[in-house]
Every structure is written in structure tokens, then in C-alpha cells.
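# Coordinate analysis (summary)
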Amino acid sequence: MNGLWVHIDEILRCRQTAQSRPARAVLLSMIACIVTFGMVYGAVMGSFGGIGGQRLWQAIYSALKVPLLLVGTSLIAWPSFFVLNTLAGLRGDFVRATTALMAAQAGLAIVLASLAPLTIVWYASSSDYGDALRFNGVMFAIACLAGQWLLRDHYRVLIEGDPRHRRMFWIWLGLYVFVAIQMAWVLRPFVGDPNAPVEFLRREKWGNAYLVVVRLIYEALVH
Amino acid sequence: MKPWWRDLDRVLRGEATSLDANGEGRLGLPLDRLLLAILLMTMAYGVCMGFYAGFREGGPVVAQWLAVTAKVPCLFFLTLVVTFPSLYVFNALVGSRLTLAAVFELVVGSVAVNVAVLASLGPIVAFFSVSTTSYPFILLLNVLVFLLSGMLGFGFMLRTLGRMIAPRPECIAQQQCDSRHDSLAETECPPEGSEEPSTPVKARLVEEPGSIGGLRGCLLEWRVRTVFACWMMVSTLVCAQMAWVLRPFLGKPSEPFQWFCARESNFFAAVWEAFRTLLM
């Protein structure tokens with residue numbers, strides 16, 4: 001248990017890149033962190049309508065979906081990031097860059113889990129589904145900002161060694177956000193409307209997050 | 001590691017096209033293995049692109065999936081066949097010292113970079129293809145991905161071209177000496193026949209690692225560069241039109257499967273129509 005806290009502390013204080021453990025072990029421990037803490041927040045997130053009867057399934061589904069969102073997005077964006085790093089001549093630093101990315105993801109999951117008690121209090125105070133969605137949106141926004149902060153800190157060492165890492169940092173953010181928005185859209189519902197049946201994924205068409213946003217903007221401008 | 005993968009990796013890292021590797025005016029790339037790599041990478045992207053047909057509402061259209069897997073390699077190889085002869089001819093016309101083999105190596109190397117980036121973006125395209133039903137969105141996403149990978153391929157080509165047509169170190173050193181002979185101390189110039197360039201020349205040849213960075217201080221032959229720049233524009237247009245000729249790649253959900261469509265309209269009109277439909 002003590003080792004776990006030390007590990008969490010190392011991630012939050014950006015000490016991962018400096019330690020001497022093998023890269024594979026560091027990466028595996030970070031993925032374990034993402035899964036564990038992502039599941040904690042996901043379970044809390046999905047407990048909006050309570051955990052009795054069928055609603056327990058919503059908590060379980062959400063507990064599975066939050067780590068899936070974080071790990072799946074990284075996996076999808078990772079191959080292009082690898083090729084672009086290689087093309088830019090930064091292949092030698094790629095293991096460190098990947099470690100930095102995963103540390104930021106792990107940090108994001110830890111921050112999310114730390115915000116879980118606030119979510120519980122909010123659920124205990126309000127029964128409005130729309131408010132619950134917005135509150136969780138704010139929690140995710142805070143965690144994402146913290147994750148980006150961590151990523152910037154981890155990347156600072158790399159950028160000091162080679163300024164071209166700065167460009168790769170922004171490219172990763174672009175790729176990650178582009179995929180993550182659609183991934184979150186596909187994996188919804190995370191909170192789960194208490195008046196709707198519990199389901200892992202929406203049965204209706206998956207659709208496209210960007211199209212919805214473009215149409216909303218278009219309608220707001222035209223009408 | 002497979003030999004074709006290792007060679008592609010060396011091209012991506014910039015090792016296969018470094019100054020050391022191309023001292024003879026040739027890159028010395030293993031063309032057979034790179035062509036195999038291009039074939040496999042384009043097929044991989046074709047499979048990713050085919051996810052749109054494979055995960056369509058109402059069941060997968062396997063024939064469309066197979067068709068797109070075959071058509072993406074055809075798109076690249078046919079564009080290469082159509083545009084390469086004119087590139088070599090104009091390159092020779094302006095007096096470039098690049099031989100036919102050198103130009104072919106350069107083109108194959110840049111296509112290899114292009115398709116490697118394309119294939120690396122494949123998982124993103126596959127993910128959106130599975131999760132999106134909008135045909136215009138997927139069409140525009142694929143156009144964007146092709147455009148981005150093409151730009152990186154051209155960036156690689158321009159940089160490698162700069163290395164290939166840059167004056168050799170001993171020529172620069174001799175030129176410097178010739179121009180400074182009357183005004184500067186002769187002792188600063190390397191002795192005749194020496195292969196070691198002077199210190200300023202060395203400084204000008206310092207390059208950044210990788211294959212799309214900048215090569216500082218290289219003197220590019222303006223005419224050759226212009227020919228290649230024009231060729232890049234022409235090959236982009238040819239590639240776009242070739243894609244139009246070979247369509248359908250994605251296959252409209254409202255239409256039954258067909259290997260090729262009738263001749264009508266053009267690529268750019270179709271992209272504009274997709275963009276317009278997306279907003280409507």
C-alpha cells in the first residue's frame with residue numbers, strides 16, 4: 001500500500017522520468033493507475049440514480065468506460081504520434097515521451113478519483129440529470145487541465161533536451177483531443193438518465209460529436 | 001524485424017537519406033523492399049478505410065471492404081506511373097545532375113514516408129469510420145488525412161532533394177578558396193586534393209537529425225527545386241483525379257456496391273458538395 005502512494009506521489013510530482021526503473025515496468029504501473037483510478041471515478045459517476053437493482057449495472061458500465069476512454073484514446077492516437085516523432089528525428093526519446101504521456105493520463109485519472117467525493121456530495125444534493133451531466137463535465141475539465149499541466153511538466157525535460165519536442169507536444173494534444181471527443185461521444189451514457197433503461201452504449205445511431213457541434217453552431221448562426 | 005519494415009524505419013528516421021548515405025548522388029535505397037512496404041502500408045490504410053463499409057447499418061459490405069483495400073495501393077502506384085516520366089524529363093531538361101535512378105529513389109522514398117504517415121493515421125480513421133454514419137464527414141476526414149500525409153511526404157522529398165543537389169563539400173571548399181585567394185591568407189584554404197572541407201564549410205553542413213527538419217546552409221539549385229515543386233502540385237491534382245476515377249472508396253450507404261462509378265463531375269466538386277452537405 002505504501003508503494004502505491006509513493007507511486008501516486010511520483011506521478012503527481014513528475015518524478016517518473018527521473019527514476020531508474022525499467023521503462024516497461026513504469027508504463028505498466030501507469031496503465032494500472034489509469035485503470036484503477038478511472039474505474040473509481042467511473043463507478044461514482046454512474047451511481048447517479050443509485051446502485052439498487054438495474055442501476056448497479058450503470059455504475060459497473062461507467063467504471064469500465066472511463067478507463068476505456070482514457071486508454072482507448074491513447075492507443076488510437078499513439079501510432080501516428082510514433083511515426084511523426086520518428087520523422088522529426090525524435091525516435092531516441094520516444095520511450096521517454098510515451099512515459100510522459102502515460103504519466104499525464106495516470107495523473108488525470110488520479111485527479112478524477114480525488115474529485116469523486118465531490119461528485120458524491122453533488123449527487124446527494126441534486127436529483128437533476130442535466131445538472132449532474134454539467135457537474136461531471138466540470139470535473140472532467142478540471143482533471144484534463146491537471147493532466148495537461150502534468151504533461152507539460154514531464155515534457156519540459158524533453159523540450160530542454162530538444163526544442164522540437166514542443167511541436168510534438170502540441171501535435172499529441174491535437175490528436176488526443178480530436179479522438180477523445182468522439183470516443184466520449186461513442187461511449188456515452190456515462191452518468192445514465194435514471195428514467196431511461198440501463199445500457200452499455202446508446203442503442204440509437206452513434207452519430208458524430210463534431211457534426212452535432214457544427215450543426216448547433218450553424219443553427220445558432222442561421223436561425 | 002522484417003527487412004522491409006527495417007528499411008522503411010531507416011527512411012523515416014532519416015538514416016537512409018543522410019549526407020553520409022548519399023555521397024554518390026544516389027540514396028542507395030532498397031527499392032524492392034520499399035515498394036513492398038508501400039504496398040503493405042497502403043493496404044493497411046485501405047483496411048482501415050474499409051471499416052466504414054464493414055460496419056455499415058444493415059450489415060457489412062465485404063466486397064466494398066476488399067475493393068478499398070485493393071484500390072488504395074492502386075491509387076498510389078498509378079499516380080506514380082502517370083507522373084514520374086514527366087518529372088524525370090523536366091528534371092533532365094533543366095540540367096539537373098540527378099539520374100533516372102536517383103529521381104526514382106527520391107520519389108519512392110517520399111511515397112514511403114507518405115504512406116507510413118497515412119497508415120499510422122489509419123486507427124483514427126478506422127475508429128471514426130466505425131462510430132460515424134455520416135458519409136460526408138468520413139469523406140472529408142479521409143481527404144484531410146491524405147492531405148496531411150502528402151504534405152509530410154513532400155516535405156521529406158524537398159529536404160532530401162536539398163541534400164542530393166547540394167554542392168559537395170570539396171566543391172564548396174574549393175569555391176571558397178577561389179574567391180578568397182586574392183584577398184585572404186592562402187593558408188586558410190585546404191591544400192589541393194584535400195577531401196577535408198574548411199571549418200566554415202563544415203559548419204554550413206551541420207544538419208539536424210531526422211528526415212523533415214531543416215538542412216541549414218544548403219544551396220539548392222533553384223531550377224530543380226522549381227521542377228519538383230511543380231511536380232508536387234501536378235501529382236496532387238493527378239492523385240485527386242485518380243481517386244475520383246477509382247471511386248467509390250467508401251461507398252455511399254444509399255447506393256449498392258459497385259467496383260467503379262460512371263464518369264461524371266470531378267473530385268473537387270464532390271469534396272465541396274460533401275462539405276456543403278455536412279453543414280446542411
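Summarised in this report is the structure supplied together with it. All values reported here derive from a predicted model rather than from experimental measurement. (Residues numbered from 1 in each chain as written. Chains lettered and ligands numbered in written order. Predicted model: local features only at pLDDT ≥ 70, side-chain atom pairs only at ≥ 80, totals over all residues. Heavy atoms only, no water.)

### Examining the nonpolar core
One finds F81(A), L151(A), Y155(A), V107(B) and F228(B) to be the most contacted residues of the largest nonpolar core, which totals 133 residues. Element by element, the count of residues in this core is highest for helix α4 (residues 94–125) of chain A, at 17 residues. Excluding anything up to four places from it in sequence, Y155(A) contacts F81(A), A97(A), A100(A), L101(A), H165(A), M168(A) and F169(A). (Core = buried A, V, L, I, M, F, W, Y, C linked by side-chain atoms within 4.5 Å. Buried < 20%, exposed > 50% of the residue type's maximum accessible area, 1.4 Å probe, protein only. Helix = DSSP H or I, 4+ residues; strand = E, 2+ residues; numbered from the N terminus. Contact = heavy atoms within 4.5 Å.)

### Looking at the interface of chain B and chain A
Between chain B and chain A, the residue contacts involve 29 residues of the former and 27 residues of the latter. Approximately 2,500 Å² of surface area, both sides summed, lies buried where chain B meets chain A, with 72% of it carried by carbon and sulfur atoms. In this assembly, chain B and chain A are joined by one salt bridge. Here D9(B) makes a salt bridge to R91(A), at a shortest N to O gap of 2.6 Å. One can count five residue pairs in polar contact (both at pLDDT 80 or more) joining chain B with chain A. When contributions to the side of chain B that touches chain A are tallied by element, the ones reaching two or more residues are α1 (3–13), α5 (100–120), α6 (122–131), α7 (135–165) and α11 (267–279) of chain B. The element best represented in the side of chain B that touches chain A is α6(B), accounting for six residues. (Buried area = accessible area lost by both parts, 1.4 Å probe. Salt bridge = Lys/Arg side-chain N within 4 Å of Asp/Glu carboxyl O. Polar contact = N/O pair within 3.5 Å; in protein donor to acceptor, adjacent residues only side chain to side chain.)

### Observations regarding the side chain of S149(B)
Within the secondary structure, S149(B) sits in helix α7. Once you skip the residues sitting within four places of it in the chain, S149(B) turns out to touch N114(B), V117(B) and L118(B).

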